[in-house]
Amino acid sequence: MTDAVIDEIDGRMIRVGDKWLADFASCNYLGFDLDPEIIASVPEFLQKWGTHPSWSRLLGSPVLYEQIEERLTELLGCEDTLILPTITLIHMSVIPVLAAGGTIFVDRRAHKTIYEGCQFASARGASVEKFRADDLDELEQRLRSDRSSTRLICIDGVNSMTGNMPDLPALASLARSYDAILYVDDAHGFGVIGERAADESSPYGMRGNSIVRHLDESYDHVVLVSGFSKSYSSLAAFIACPKELKRLLKTAASPYLYSGPSPVASLATVLSGFDVNEKRGELIREDLWNKTAKVLGCLDRLGAHTPNRSGLPVIEVPLARHEEIADVGRFLFSNGIYVTLAAYPLVPKSEVGFRIQTTAANTDAEIDQLVDVLGKLADRFDLQPARREERAA
Ligand SMILES: Cc1ncc(COP(=O)(O)O)c(C=O)c1O
């Protein structure tokens, strides 16, 4: 289940060679990749703009970008936003600018692409220190004793493996106290979680406007980064930041100056994704919540451990014996289930297992099939047993 060639798709079913599998490795959480309204919106944009503008944004920025930034800024409730092609490019270009040769404190469990951004910053004179997100006292001590002119704290929002959120209010408060910037990559939260409301359709909250709004935090000393390549099924990414920083990044972040832009179809699907999010987003999130709850409920009944405490659609299932990962992968594949395998050394031996991602486009029948196969898998292989606090919950 790595480096597989997908020959065909039918909804969330995929064909690899002659085998059809239910896909639980997709990050298209809202199912926008298959949404007929979004698909139908694209040809009109192509007629007007061609397939690809080709200019770097500094050279010529189609007004579609400005339209996206305006709507995104309103959705997030931040001061301004800047669109660049991918989160990876944002990390590599923006982290060095924000670090400015000072100190970066990076969460040990942060995404690999954040680490790569830190390496670029390190090459420009920043020092990089790892911290444990479960020991914020230690982080505070290090912030207190840090003597550099700038401090940047880099973390994931919704973690791409555990599906859990960091203690953003505590981290933001540390950032404000020690005049640091908290840099948050919420690739997996944007689109799924959002502001809380009494009439919300699920505990994911409303509007999918990401972790800062979900946890009722402010953007003071917080820079939010995320992208459209997961929930919005499109190729573009953004940084939510003050206007002054946006102005600086237009000359200091090299992708704005030198990289090719997102294809027109991607800009189109972002804009029509906003429309669908406004019209049907709450129903879609409610559906996603219910489908995810079914899978989490199944693991609960099986007495299996998952780190997922949030109910978000990223569900890691670690094995009791890491040596069995290849056999487990073959078992899932032969039973028609496609997931992401997490093998050693990509993850520590104690976390070897697989990650299930649910999307609103998975049918109820596919969820039932997954539940059935997980039951059979638990008969045949040892999953890690649920921890005491999980059994109590
Ligand atoms: C947490 C996180 N950050 C960044 C990325 C990379 O995003 P992009 O494809 O926009 O570079 C991913 C993709 O898997 C991710 O999970």
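As a reminder, the structure under discussion sits directly above these lines.
Everything numeric in this text was worked out from a predicted model, so none of it was measured.

**As for the overall build of the protein**
Part 1: Scanning the protein for helices and strands turns up 13 helices and 14 strands.
Part 2: Over its C-alpha atoms the protein spans a radius of gyration of 21 Å, differing by no more than 12% from the 21 Å that the globule rule assigns to 393 residues.
Part 3: The C-alpha extent of the protein, read off along each of the three principal axes, is 55 × 55 × 45 Å.
Part 4: Buried positions account for 54% of the 393 residues belonging to the protein.
Part 5: Within the protein, contacts between residues at least 6 apart in sequence are counted, and of these 71% link residues at least 24 apart.
Part 6: If you sum the accessible surface of the protein, you get close to 16,800 Å²; carbon and sulfur atoms cover 51% of it.

**Structural notes on the sheet that holds strand E9 (residues 222–227)**
Part 1: The mixed open sheet is built from 7 strands, whose spatial order is E4-E10-E9-E8-E7-E5-E6. One side of each edge strand has no neighbouring strand; the edge strands of this open sheet are strand E4 (80–84) and strand E6 (127–131). Within this sheet the neighbouring strands show an average axis-to-axis angle of 20 degrees, counted without direction.
Part 2: Relative to strand E10 (residues 237–241), E9 is paired through 4 bridges, and the arrangement is antiparallel. If you follow Ser 226 over to E10, its bridge partner there is Phe 238.
Part 3: Running at roughly 175 degrees to strand E8 (residues 181–185), helix H3 (residues 87–99) makes contact with E4, strand E5 (103–107), strand E7 (151–156), E8, E9 and E10 of the sheet.

**Side note on the state of the cysteines**
Part 1: In total, this model carries 0 disulfides according to the counting rule given.
Part 2: Cysteine Cys 78 is unpaired, with the sulfur of Cys 241 as its nearest cysteine sulfur at 7.7 Å.
Part 3: Overall, Cys 78 belongs to the buried group, its relative accessible area being 13%.
Part 4: On the basis of relative accessible area, Cys 241 is assigned to the buried category, the value being 3%.

**Observations regarding the layout of surface pockets**
Part 1: Approximately 1,400 Å³ is the volume found for the largest pocket.
Part 2: Those elements that place two or more of their residues in the lining of the largest pocket are H3, helix H4 (112–123) and strand E13 (340–342).
Part 3: Top element by residues in the lining of the largest pocket is H4. It accounts for 4 residues.

**Topic: the nonpolar core**
Part 1: Formed by 57 residues in total, the largest nonpolar core has its most connected members in Leu 76, Leu 139, Ile 153, Leu 182, Leu 224, Phe 228 and Phe 274.
Part 2: Looking at which element gives the most residues to this core, the answer is helix H10 (residues 264–302), with 9 residues.
Part 3: Counting residues in each nonpolar core, the second largest holds 31 residues, with Ile 104, Ile 114, Tyr 183 and Leu 249 among its members.

**Quick word on the site of the ligand**
Part 1: Residues in close proximity to the ligand include Thr 86, Ile 87, Thr 88, His 111, Thr 113, Ser 160, Asp 185, Ala 187, His 188, Ser 229 and Lys 230, which together make up its full environment.
Part 2: With respect to the ligand, the backbone of Ile 87 contributes an N or O atom lying 2.8 Å from an oxygen atom.
Part 3: Separating an oxygen atom of the ligand from a side-chain N or O atom of His 111 is a distance of 3.3 Å.
Part 4: Contact with the protein chains removes 81% of the 400 Å² of surface that the ligand exposes when unbound.
Part 5: With respect to the pocket detection grid, the ligand is positioned in the largest pocket.

The rules behind these values
Residues numbered from 1 in each chain as written. Predicted model: local features only at pLDDT ≥ 70, side-chain atom pairs only at ≥ 80, totals over all residues. Heavy atoms only, no water. Helix = DSSP H or I, 4+ residues; strand = E, 2+ residues; numbered from the N terminus. Rg over C-alpha atoms; globule rule 2.2 N^0.38 Å. Buried < 20%, exposed > 50% of the residue type's maximum accessible area, 1.4 Å probe, protein only. Contact = heavy atoms within 4.5 Å. Areas by Shrake-Rupley, 256 points an atom, 1.4 Å probe, with all protein chains shown as cover. Pairing = 2+ DSSP bridges. Axes fitted to C-alpha atoms, helices over the stretch in contact; angles between N-to-C directions. Disulfide = S-S within 2.5 Å. 1 Å grid on protein atoms, 1.4 Å probe; cavity = no way out; pocket = protein on both sides within 12 Å on 5 of 7 lines; lining within 4 Å. Points joined across faces, edges and corners; volume = space filled by probe spheres on them. Core = buried A, V, L, I, M, F, W, Y, C linked by side-chain atoms within 4.5 Å. Near = heavy atom within 4 Å. Polar contact = N/O pair within 3.5 Å; in protein donor to acceptor, adjacent residues only side chain to side chain. Sits in = over half its atoms within 2 Å of the grid points.

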